[in-house]
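Examining the three-dimensional arrangement
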Amino acid sequence: MNTAGHTDAAGLDLIPFRGVRYVPEQVGSLAAVTSPPYDVVVRPDGLLHLESADPHNIVRLILPQATTPAARNQQAADTLHAWLREGILAPDAEPSLYVYEQRDNEILQRGIIGALRLSEAEEGVVLPHEDVMPHVVEDRAALMRATSANLEPLLLTYRSDGDSGSTSGGGASGAMAVIERTAERAPLLSTTTEDGFQHRLWSVTDPAEIAEIQSDLAAHQALIADGHHRWATNLRLRAEHPSPSAWDYGLVLLVDTARYPLRVRAIHRYLHRLPVSEALTALGDSFRLRTVEGSLGDALDALAEAAAKSNAFVLAGDGAFHLVDRPSPDLLARTIPGDYPEAWRTLDATVLHATLLDHVWRIPDAPEHIAYIHDTAATVEKAERDGGTAILMHPVREEVVRALARQGVTMPRKSTSFGPKPATGLVLRALAF
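A brief report on the enclosed structure follows. Please read all numbers here as calculations on a predicted model, not as lab measurements. (Residues numbered from 1 in each chain as written. Predicted model: local features only at pLDDT ≥ 70, side-chain atom pairs only at ≥ 80, totals over all residues. Heavy atoms only, no water.)

1. Considerations on the pattern of salt bridges
Where side chains of opposite charge bring their charged atoms close, a pairing between them can arise. Let me state the cut-off plainly: Salt bridge, as applied in this entry: a Lys or Arg side-chain nitrogen positioned within 4 Å of an Asp or Glu carboxyl oxygen. Note on conventions: DSSP H or I runs of at least 4 residues are helices, E runs of at least 2 residues are strands, and numbering of each starts at the N terminus. In this scheme, a residue with accessible area under 20% of its type's maximum is buried, one over 50% is exposed, and one in between is partly exposed, where area comes from a 1.4 Å probe on protein chains only.
A complete count under the given rule lists 24 salt bridges for this structure. When the shortest N-O distance is used, the salt bridge between Glu240 and Arg145 registers 2.8 Å. Of this pair, Glu240 sits in helix H8 (residues 228-240) while Arg145 sits in helix H5 (residues 134-147), and the two are 95 residues apart along the sequence. Residue class for Glu240 comes out partly exposed when judged on its relative accessible area of 38%. Overall, the relative accessible area of 31% leaves Arg145 in the partly exposed class. Linking Lys382 and Asp386 is a salt bridge whose minimum nitrogen-to-oxygen distance equals 3.1 Å. On the criterion of helical spacing, the pair formed by Lys382 and Asp386 is a turn pair, its members being four residues apart in helix H14 (residues 376-386). Here Asp386 falls in the partly exposed class, since its relative accessible area comes to 40%.

Spelled out as structure tokens, the structure:
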């Protein structure tokens, strides 16, 4: 593994790598072979849609389909090796850091993709903010062991001190200056995915520019915005391999949110075995309950207004939208652990899990009972189709997430959805290169 420009700084240690990318002439289109991150794909409809988009869609690697877990992982490894052998995928000629841009009509985001030295939370370099589910970590670890590859980058954020936020790069220093200079050059690739986002990727191979990026990042810590399970997976696999090795690093996209603020959305819940009528009845007098007339958009507007004043949720699945807010203070006092900061105890996700799921509905946080779905409409549609309950959440502000992470406090799992998320399939990291 290349370790050019490696530093021993206590901050972020990002190194170049030989990115593995699709050969454009060998696929229908770059857009057709990309995918959202594995946990955003709404299965089975989303999986089938991606598989049919192109026979080489990256979903065949990140969500392989076979009868057993072992067979799935072996299939992913065999597919990856075949695509490399056939020239569908190919490693870049030299190690690079990659500037990555996502743009639509409303947002522009730029960051740097590289191999980041792994660290435990207590080291204070990379801060997690959510708990993880052990079965998901084991699933991802088995896939990564089989493929010996980082198939999709995590999304991490950091905040500059404000002196490198120039949009031109002239006179600025550090990572942001390199990003903005690089974005003025011709990209390695440019494609627009069906969600309307344009994606552009550039390589940074100049040693001076790499050093400029690394020197800047070495003074910063990062927050995991998306990819807690993959980060935990990386740590587990690092522990399985003697150091130093390629397993000491993981593939990440780093975004300076002082310059490019992320969009923060909620991740919704779907309760497989709880009909809406039973969910509402169990609430009793412990919450205020109102029916919101109109569309899903109207329900989300009502949720945003209510969430500004108290904990609030929208329950759906029976053809109506039920706004649930103003929980009983006595109920909260009995169900919310008191040995956490106020900001954690008042999170909607905390109230949902500690009060509603654990106490009122008595539903275990297990896959057979709860699904986590990013798409709002898809959550409602699933509930109406399958007879369960959709719980629509209001997003948490990034500053709240970062403040809790700096205190070493993790939020309930799947509390936030930062974005835009990097498209999977634009650049991979095979540990053999």
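2. Quick notes on H5
Using the following cut-off: Multiplying 1.5 Å by the helix residue count minus one yields the expected span of that helix. Note: the arc covers the axis-to-C-beta directions of the helix. Residues are treated as being in contact if the distance between any of their heavy atoms lies within 4.5 Å.
Helix length check: H5, at 14 residues, gives a terminal C-alpha distance of 20 Å against a target of 20 Å (1.5 Å per residue), a fit within 8%. Taken together, the buried positions of H5 are Val136, Val137, Arg140, Ala141, Leu143, Met144 and Thr147. Within H5, the buried residues cover an arc of 165° as seen down the axis, which keeps them to one side. Considering only its buried residues, H5 is in contact with helix H3 (59-62), helix H4 (69-86), strand E7 (149-150) and H8.

3. With respect to the nonpolar core
Nonpolar side chains tend to gather and get buried jointly when the protein is soluble and globular. Note the cut-off: Among buried residues, the Ala, Val, Leu, Ile, Met, Phe, Trp, Tyr and Cys ones that are joined through side-chain atoms within 4.5 Å form a nonpolar core.
Ranked by size, the top nonpolar core spans 113 residues in total, and within it Leu12, Tyr22, Ile113, Leu156, Leu254, Phe313 and Trp361 carry the most contacts. At seven residues, the largest contribution of residues to this core is made by helix H13 (residues 348-360). Ignoring anything within four residues of it in the chain, the contact list for Ile113 reads Phe17, Leu97, Tyr98, Tyr100, Leu201, Leu251, Val252, Leu253 and Val427. Among the nonpolar cores identified, the runner-up in size contains 18 residues, and Tyr270, Ala306, Val314 and Ala316 belong to it.

4. Some words on unusual backbone geometry
Here Ser243 and Pro244 are connected by a cis peptide whose omega angle stands at 5°. Examined against the element boundaries, Pro244 turns out to sit in the loop between H8 and strand E12 (249-256). For the bond running from Gly419 to Pro420, omega is 5°, close enough to zero to count as cis. The phi dihedral of Ser148 is positive, around 50°, even though this residue is not glycine. Secondary-structure assignment places Ser148 in the loop between H5 and E7. In this structure Ser148 comes out as partly exposed when scored by relative accessible area, which is 31%. Although it is not a glycine, Arg326 sits at a positive phi angle of roughly 50°.

5. Quick word on empty space enclosed by the protein
We count it as follows: Computed over the protein atoms alone on a 1 Å grid, cavities are sets of points where a 1.4 Å probe fits but cannot get out and pockets are open sets with protein on both sides within 12 Å along at least five of seven lines; a residue lines them when it has an atom within 4 Å of a point. Grid points are joined across faces, edges and corners, and a volume is the space filled by probe spheres set on the points. Gly is placed with the polar residues, together with every amino acid not listed as nonpolar (Ala, Val, Leu, Ile, Met, Phe, Trp, Tyr, Cys and Pro) or charged (Asp, Glu, Lys and Arg).
Inspection of every chain in the model, using the stated rule, returns three cavities of 30 Å³ or more. As a volume, the largest cavity reaches approximately 140 Å³. Contributing to the lining of the largest cavity are 13 residues, with Met144, Ala149, Leu151, Glu152 and Arg230 lying nearest its centre. Secondary-structure elements contributing two or more residues to the lining of the largest cavity are H5, E7 and H8. In terms of residue count, H5 provides more of the lining of the largest cavity than any other element does, four residues in total. Here the lining of the largest cavity is composed, by residue class, of seven nonpolar, three polar and three charged. A volume near 120 Å³ is recorded for the second largest cavity.

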